[in-house]
Amino acid sequence: MARFHDLTVTDIKKTIRDAVVVTLRPENGAAADFDFTQGQYLTFRHDFDGEELRRSYSICAGKDDGVLQIGIKRVEGGAFSTWANEDLKIGDRLQAMPPMGGFFTELNSDNANHYLGFAGGSGITPVLSIIKTTLAREPKSSFTLVYANKGVNTIMFREEIEDLKNLYLGRFNVIHVLESDAQEIDLFTGLVTEEKCAQLFEHWIDIDSVDTAFICGPEPMMLGIASALRKAGLDDSQIKFELFASAQPGRLARKVVAKDAAKSANMTSAAITLDGATQTFDMPKDVTILDAALENAMDAPYACKAGVCSTCRCRVLEGEVEMVANHALEDYEVEKGYVLSCQSFPLTDRVIVDFDQ
Amino acid sequence: MNDQMKIEDYLAQGGVLTNPANVPPRYRAEVMKLMATFVDSELAGAAGFADIINQGPGIKERIAAAKIVLEKTDNADRVLRIMGEFGADTDRYANHHPWTARLGRDADIGASRSDHDMRLAVFNYPLQGWADAVVMNLLMGRAVGVQLAEFSLISYQPLADAFRKIAPIEARHAELAAEGIERLVVSEGAAPLQASVDYWWPRVSASFGSDSSAKFDTLKAMGIRRTANADLRQRWEAETAVILSDLGLKKG
């Protein structure tokens, strides 16, 4: 299991009004753990008023930049991104797990490939890392970037991208598509939809020469682009996705703990929710939540039944259970009421458990 | 570009998920089950085959069997690492069950799993000697090929990538088995091999699951499944029957 390491903020600067680029230095000899691959992300944890939040942010640095840098765009109502944009300063300590993610392809200096990248808004962060690394390490490859933004003033890394165009003249091509700012060419205004991609493939992008496509942006944009790419003849192994943070919830509500002491000796009234349906039944206190659900013909998920794999994870909304073994859930999950149902026995006379959360 | 959509709608429309941070809970559980089934089947398959290595009639056969054991273990590791990203304790997982454990040759368990691991039911039956192991490896290898073609399109991208890497390796295992059978037909005759085909055929066939799985629509909406069990089984039967007939055997 991955472990958290300390990182010191050595630089922090704004790229646009509501996004920062944070440079980090791993501490305590953890530098080797943070030897990332282009396109990977870091998962951070931070305590907000006693509640731990975890958020993942993509690395924007290239492999040859010699620094570890991430981009954080402020999300409306997002606790972590707001904090990073407003309160984070040089010298602060952050905690993150080593880089993860498979949003990359193997590079080889002999390759003469044509890569096509699509980025929506802050989805540029991992794509920028890929562009920088690829152009530096594959001298014969070229990269075309389609970069979607609301308007000119929300384009993250605008200057860096211009610099890259000059540095890799003829190998790096950028098409900015702006939702609300008009451009000389009509095609470059609006949203990047399936239709827009098809039009781009007609005159602007030689889709037949594309070896691999990278897409990072909000869900509807990714669907439209992927569909256009498939119709243009790319198969799924040639399309790499990274779904960025839009689906991450802002803050989790605290769980309500009703601590009623056990009254009846060995029976519990259990209400268990799975796939939107709730079943209520009485169960003995020496039976696990999982087994009770299975005995009541619920198709509850499980695999190892040994507290190791976490397939059977569920959330206790009311009442208390005792989890006799736990090798998979971390402290912050347990604090939020998550338990391994295969290892959990009810303690209170009533428990409410949800597999859908 | 702040337009958002529900992750369930995104998946139903063919969307792809890329890391544990934004998978919905029920999706997480179904992908974990699928991964556990694969890992347990590979570990149980490799463990069963390991016992057979020394029964190989020649050094080539023993090398082939050892390679299969190594690569199946390696394939289990690839998928177990993805389970680790979801929080599974991978070291403990690899040892939480005696993977060599088997039931009796005639145990009547249908497609049901044991209580303690998620291996496909077929991996609960013991192998009986070299020829039997090779036949099982051919039939199951072809079944794994059909299943991996399906799962290489799964909506969890890291797993789809892993299965795409694993598929050609597993395909090679079935080829090695076919080559082995070709030699065994000459040295031992077809009769004992046909007996093994007859034994394994219905058991491998059962590993495709029930034809009327109520779960299928849910899994399809999540992008975890595409093709119905019955269609996958049919493809396996048709492909494998041809291979057997080329080897002078017939399907069970």
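So, how was this worked out
Residues numbered from 1 in each chain as written. Chains lettered and ligands numbered in written order. Predicted model: local features only at pLDDT ≥ 70, side-chain atom pairs only at ≥ 80, totals over all residues. Heavy atoms only, no water. Contact = heavy atoms within 4.5 Å. Buried area = accessible area lost by both parts, 1.4 Å probe. Salt bridge = Lys/Arg side-chain N within 4 Å of Asp/Glu carboxyl O. Polar contact = N/O pair within 3.5 Å; in protein donor to acceptor, adjacent residues only side chain to side chain. Helix = DSSP H or I, 4+ residues; strand = E, 2+ residues; numbered from the N terminus. Patch = residues over 30% accessible without salt bridge, like charges linked within 9 Å, V, L, I, M, F, W, Y side chains within 5 Å. Areas by Shrake-Rupley, 256 points an atom, 1.4 Å probe, with all protein chains shown as cover. Lys, Arg positive; Asp, Glu negative; His and termini not counted. Charge placed at Lys NZ, Arg CZ, Asp CG, Glu CD. Pairing = 2+ DSSP bridges. Axes fitted to C-alpha atoms, helices over the stretch in contact; angles between N-to-C directions. Core = buried A, V, L, I, M, F, W, Y, C linked by side-chain atoms within 4.5 Å. Buried < 20%, exposed > 50% of the residue type's maximum accessible area, 1.4 Å probe, protein only. Domains from an automatic or database assignment. Parallel < 35°, antiparallel > 145°, perpendicular 65-115°, else oblique. Left-handed = near helix turned anticlockwise from the far one by under 90°. Nonpolar A, V, L, I, M, F, W, Y, C, P; charged D, E, K, R; others polar. Phe/Tyr/Trp six-rings, centres within 6.5 Å; stacked < 30°, edge-to-face > 60°.

**Student:** For this particular structure, what's the right way to read the interface of chain B and chain A?
**Tutor:** Much of the literature gives interface size as the accessible area that the parts lose upon coming together. Facing 43 residues of chain B, the contacting portion of chain A comprises 48 residues. At the boundary of chain B with chain A, total buried surface from both sides reaches about 3800 Å², with 55% on carbon and sulfur atoms. Linking chain B with chain A are four salt bridges. The shortest N-O distance in the salt bridge between D356(A) and R26(B) comes to 3.9 Å. Put simply, chain B and chain A have ten residue pairs in polar contact (both at pLDDT 80 or more) between them. Among the secondary structure elements, those contributing two or more residues to the side of chain B that touches chain A are helix 1 (7-12), helix 2 (25-50), helix 3 (59-85), helix 4 (90-94) and helix 6 (157-188) of chain B. If you tally residues by element for the side of chain B that touches chain A, the top one is helix 2 of chain B, at seven residues.

**Student:** Any chance you could explain a negative patch on the surface here in plain terms?
**Tutor:** A contiguous patch of negative charge, built from D47(A), D49(A), D331(A) and E335(A), is present on the exposed surface. Locating D331(A) in the fold gives a position in helix 7 (residues 331-335).

**Student:** Any chance you could explain the sheet that holds strand 3 (residues 41-48) of chain A here in plain terms?
**Tutor:** Pairing between the strands of a sheet is mediated by backbone hydrogen bonds and can be parallel or antiparallel. All names here are of chain A. A sheet is described by the order of its strands in space; here six strands give the open sequence 4-3-6-1-2-5, paired in antiparallel fashion. With one partner strand each, in any of the chains shown, strand 4 (51-58) and strand 5 (68-73) form the two edges of the open sheet. Recorded for the sheet is a direction-independent mean angle of 40° between the axes of neighbouring strands. Sheet topology places strand 1 (residues 5-16) next to strand 2 (residues 19-26); eight bridges connect them, and they run antiparallel. In the sheet register, K13 faces strand 2, and the bridge partner there is V21. In the packing of helix 1 (residues 79-86) onto the sheet, contacts are made with strand 1, strand 2, strand 3, strand 4, strand 5 and strand 6 (93-96), and the angle to strand 3 comes to roughly 90°.

**Student:** For this particular structure, what's the right way to read the side chain of D161(B)?
**Tutor:** Mapping D161(B) onto the fold places it in helix 6. A polar side-chain atom of D161(B) sits 3.1 Å from a polar atom in the side chain of R164(B).

**Student:** What's the story with the nonpolar core in this structure? I'm lost.
**Tutor:** Grouped burial of nonpolar side chains is what soluble globular proteins tend to show. Judged by nonpolar contacts, the single largest core of 113 residues is most densely connected at L116(A), F118(A), F201(A), L229(A), M83(B) and L159(B). Split by domain, this core shows at least three residues from each of two domains, domain 2 (114-247) and domain 3 (267-354) of chain A. Once you skip the residues sitting within four places of it in the chain, F118(A) turns out to touch V127(A), V146(A), V192(A), C197(A), F201(A), F214(A), I215(A), C216(A), M221(A), I225(A) and L229(A). Of all hydrophobic cores here, the second largest spans 27 residues; its members include V127(A), L135(A), F143(A) and F157(A).

**Student:** Teacher, can you tell me more about the packing of helix 5 (residues 129-151) of chain B against helix 9 (residues 229-246) of chain B here?
**Tutor:** For any two helices packed against each other, one specifies the inter-axial angle together with the distance between the axes. Residue and element names in this part refer to chain B. Direction vectors running N to C along helix 5 and helix 9 enclose 140°, while the axes themselves pass 10 Å from each other. Taken together, the axis directions place helix 5 and helix 9 in an arrangement best described as oblique. Read as a crossing pair, helix 5 and helix 9 show a hand that is right-handed. On helix 9, the residues touching L138, L139, R142, A143, V146, Q147 and E150 of helix 5 are L232, R235, W236, E239, T240, I243 and L244.

**Student:** In this structure, what is going on with the domain arrangement of chain A? I would like to understand it.
**Tutor:** Residue and element names in this part refer to chain A. According to the domain assignment, chain A contains domain 1 (5-96), domain 2 (114-247) and domain 3 (267-354). In this structure, domain 1 and domain 2 have C-alpha centres spaced 24 Å apart. Residue-level contacts link 18 residues of domain 1 with 16 residues of domain 2. Summing both partners gives a buried area of about 1400 Å² for domain 1 against domain 2, and 60% of it is carried by carbon and sulfur. Considering only the side of domain 1, the residues that lose the most area to domain 2 are I16, C60 and D64, jointly responsible for 30% of the buried surface there. Taken together, domain 1 and domain 2 are joined by two salt bridges. Inspection of the domain 1/domain 2 interface yields five residue pairs in polar contact (both at pLDDT 80 or more). Breaking the side of domain 1 that touches domain 2 down by element, the ones donating at least two residues are strand 1, strand 2 and strand 5. In terms of residue class, the side of domain 1 that touches domain 2 is built from eight nonpolar, six polar and four charged.

**Student:** What is the right way to read the packing of aromatic side chains from this model?
**Tutor:** Aromatic ring pairs are described here by two measures, namely the spacing of the ring centres and the angle between the planes. Residues and elements named next belong to chain B. On inspection of all chains with the given rule, the structure shows 19 aromatic pairs over all chains. The interplanar angle of 55° and the centroid separation of 5.3 Å between the aromatic rings of F86 and Y156 together place this pair among those described as tilted. With F86 in the loop between helix 3 and helix 4 and Y156 in the loop between helix 5 and helix 6, the pair connects residues that are 70 residues apart, well separated along the chain. Taken as a pair, F86 and Y156 share a single burial class, namely buried.

**Student:** I tried to follow the pattern of salt bridges on my own but got confused; where do I start?
**Tutor:** Opposite charge on two side chains lets them pair, provided their charged atoms get close. Residues and elements named next belong to chain B. Taken as a whole and judged by the stated rule, the model has 35 salt bridges over all chains. Across the salt bridge formed by E61 and R183, the nearest N and O atoms sit 3.2 Å from each other. Taken together, the residues span a long stretch of sequence, with E61 in helix 3 and R183 in helix 6 at a distance of 122 residues. Accessibility expressed as a relative area gives 15% for E61, which makes it buried. The class for R183 is partly exposed, based on a relative accessible area of 42%.

**Student:** So what exactly am I meant to see when it comes to the pairing of strand 3 of chain A here?
**Tutor:** Regular strands place their side chains on alternate faces of the sheet. All names here are of chain A. Inspection of the sheet shows strand 3 paired to strand 4 by eight bridges, in the antiparallel sense. Directly across from D47, in strand 4, lies its bridge partner E52. What sits between the antiparallel neighbours strand 3 and strand 4 is a turn of two residues, in which D49 has the positive phi angle 50°. As defined by bridge partners, strand 3 adjoins strand 6 across two bridges and the pair is classed as antiparallel. Directly across from F44, in strand 6, lies its bridge partner A96.

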